[in-house]
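In case you want the letters, here they are:
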2 protein chains.
Amino acid sequence: MHSDDALSLAAVFLAAGRGLVDAIHADVTAHGYRDLRPVHGFAFSRLAPDGATVSELAAHLDVTKQAASQMVDELVRKGYVQRRAHPADARARLVVLTERGRACTRAAERAAQAALRPWAAELGERRLRELAADLARVAPGGPLRPIW
Amino acid sequence: MHSDDALSLAAVFLAAGRGLVDAIHADVTAHGYRDLRPVHGFAFSRLAPDGATVSELAAHLDVTKQAASQMVDELVRKGYVQRRAHPADARARLVVLTERGRACTRAAERAAQAALRPWAAELGERRLRELAADLARVAPGGPLRPIW
DNA sequence: TGGATATGGTCAAGTAGCTTGACTATATCG
DNA sequence: CGATATAGTCAAGCTACTTGACCATATCCA
C-alpha cells in the first residue's frame, strides 16, 4: 500500500461487515426471532448442513468447548437446536437444527439478500459480483471470530 | 442479489475485516505493545487528531460513558493517554494521547500497510484501490462497534 | 491385546468488559 | 434566575466468556 491511510481502509472493511451483520440481524429480529444474537447465525451456518459436535462448533466459532456447550444449552432451551446421539462416536453428541432453527436460517438468507439489495443498486450487479470475487481471494478462511 | 448464498458474501466481508484486524493487532503486539486489544486502536483513531472527551469517545465506540471512562482509566494506567482540563467546558476533561500513544498509532499505521501488502500482491494496486472505493460507497458511517 | 494417551463433553468457579442506576458539578435555555 | 440538559464518576450487577478438574470413550502402539 502507498502513503494513504491504510488504517482507514481496514476501518471501511469493518464498517461494511458490521453494516451487513446489523442489517441482517435487525431483519431477522423483525421477523420474530427476538432471542438471538448475530453469533448464533454463525453457529447455525455450521450446523445447517449436517449438524456438528460441540467441539466442531467451538472450533468454528473460536471459543472453548465449554462456551460452545453453553451456547448449545441456550439454543436448545430456545428451541432452535437439538442434541442427538452421534452415529459414529459414543463420546460425542450431534447438534442439529430443529425446524424452527431451519426456518430462522431461511429468514437470515432472505435478510442477507435484502441487505445486499442497496449495494447492488449503488454499485451495480456486475461490480458487486467482482467485489465479492476479489474479497474471496483475500479473505482468510478459518474460524469465525468476533472482531474484538 | 440473486439466488446465490448472500449470507456467504456477508461472511466474506467479515472474514476480510477480521483478517485485517488480526494482522494489524498481531503486528502491533509484536512491536512491543502487548497490553492492548484491537478496540483500543479504534479509540486511538478518535483521540489522535485533537483528543476527545469521554462522552465523544463513548459515542464513537457505541458504549456507555461509564464503559468509555473505564477504558480511559485503563489506558491512563498503561501510559497511552492523559486526561487534561477541557479548554472550553469545566465539566468535561479532554483525553489526549501521550507520546507512547502516538508511537503506537504510528506502529498501527505501518502494520496496516503491511497487512494490505499481500492484498495488493494478489489483486494488484489498481484493483485494490477500486475495491476500497466501492466499499467506501456502501459502508455505513457512524460509530464503530464490535460485530457481536 | 491392553495400557497409555488423546479426544468429546460436562460441571464448577472465576473473570473481564460491559450494563443500569444514582449522584455531583457545570452548562444552557427560557 | 430557575429548570433542564449534559459531562463525568461511583457502585453494583450481569453475561458471555475463561480456566481447571473430571469422566467416558476412542485411538495409538509396544
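Now for a look at the structure at hand. From a predicted model like this one, the values you see are computed outputs, not experimental measurements.

Here we come to the protein's contact with DNA strand D. As a structural note, the neighbourhood of DNA strand D is formed by 19 residues, with A:Gln66, B:Ser55, B:Lys65, B:Ser69 and B:Arg91 the closest of them. Taking all atoms of DNA strand D within 4 Å of the protein, the share assigned to sugar and phosphate is 55%. With respect to DNA strand D, the side chain of A:Gln70 contributes an N or O atom lying 3.2 Å from a base oxygen. Within the side chain of A:Arg91, one N or O atom sits 3.3 Å away from a sugar or linking oxygen of DNA strand D. Sorting the residues of the surface near DNA strand D by element identifies helix H4 (65–77) of chain A together with helix H3 (54–61) and helix H4 (65–77) of chain B as the ones contributing at least two each. Along the lines of polarity and charge, the residues of the surface near DNA strand D split into five nonpolar, seven polar and seven charged.

For the rest of this paragraph, the subject is the nonpolar core. Judged by nonpolar contacts, the single largest core of 96 residues is most densely connected at A:Phe13, A:Val81, B:Phe13 and B:Val81. Residue contributions to this core peak at twelve residues, all from helix H1 (residues 6–30) of chain A.

One pass over the full model with this rule turns up six aromatic pairs over all chains. Geometrically, the ring pair formed by A:Trp119 and B:Phe13 is edge-to-face, given 5.0 Å between the ring centres and 90° between the ring planes. Linking A:Trp119 in helix H5 (residues 99–123) with B:Phe13 in helix H1 (residues 6–30), this pair reaches from one chain into another. In this structure, A:Trp119 and B:Phe13 share a single accessibility class: buried. Considering the side-chain rings of B:Phe44 and B:Tyr80, the 5.8 Å spacing of their centres and the 40° angle between planes classify their relative orientation as tilted.

Across its 14 residues, helix H6 (residues 125–138) of chain A extends 21 Å between first and last C-alpha, which sits within 8% of the 20 Å expected from 1.5 Å per residue. Of all the positions in H6(A), only A:Leu128, A:Leu131, A:Ala132, A:Asp134, A:Leu135 and A:Val138 are classed as buried. For H6(A), the buried positions fall inside an angular range of 165° around the axis, keeping them on one side. In this fold, the buried residues of H6(A) make contact with H1 and H5 of chain A together with H1, helix H5 (99–123) and helix H6 (125–138) of chain B.

The rules behind these values
Residues numbered from 1 in each chain as written. Chains lettered and ligands numbered in written order. Predicted model: local features only at pLDDT ≥ 70, side-chain atom pairs only at ≥ 80, totals over all residues. Heavy atoms only, no water. Near = heavy atom within 4 Å. Polar contact = N/O pair within 3.5 Å; in protein donor to acceptor, adjacent residues only side chain to side chain. Helix = DSSP H or I, 4+ residues; strand = E, 2+ residues; numbered from the N terminus. Nonpolar A, V, L, I, M, F, W, Y, C, P; charged D, E, K, R; others polar. Core = buried A, V, L, I, M, F, W, Y, C linked by side-chain atoms within 4.5 Å. Buried < 20%, exposed > 50% of the residue type's maximum accessible area, 1.4 Å probe, protein only. Phe/Tyr/Trp six-rings, centres within 6.5 Å; stacked < 30°, edge-to-face > 60°. Expected span 1.5 Å × (residues − 1). Arc of directions from axis to C-beta. Contact = heavy atoms within 4.5 Å.

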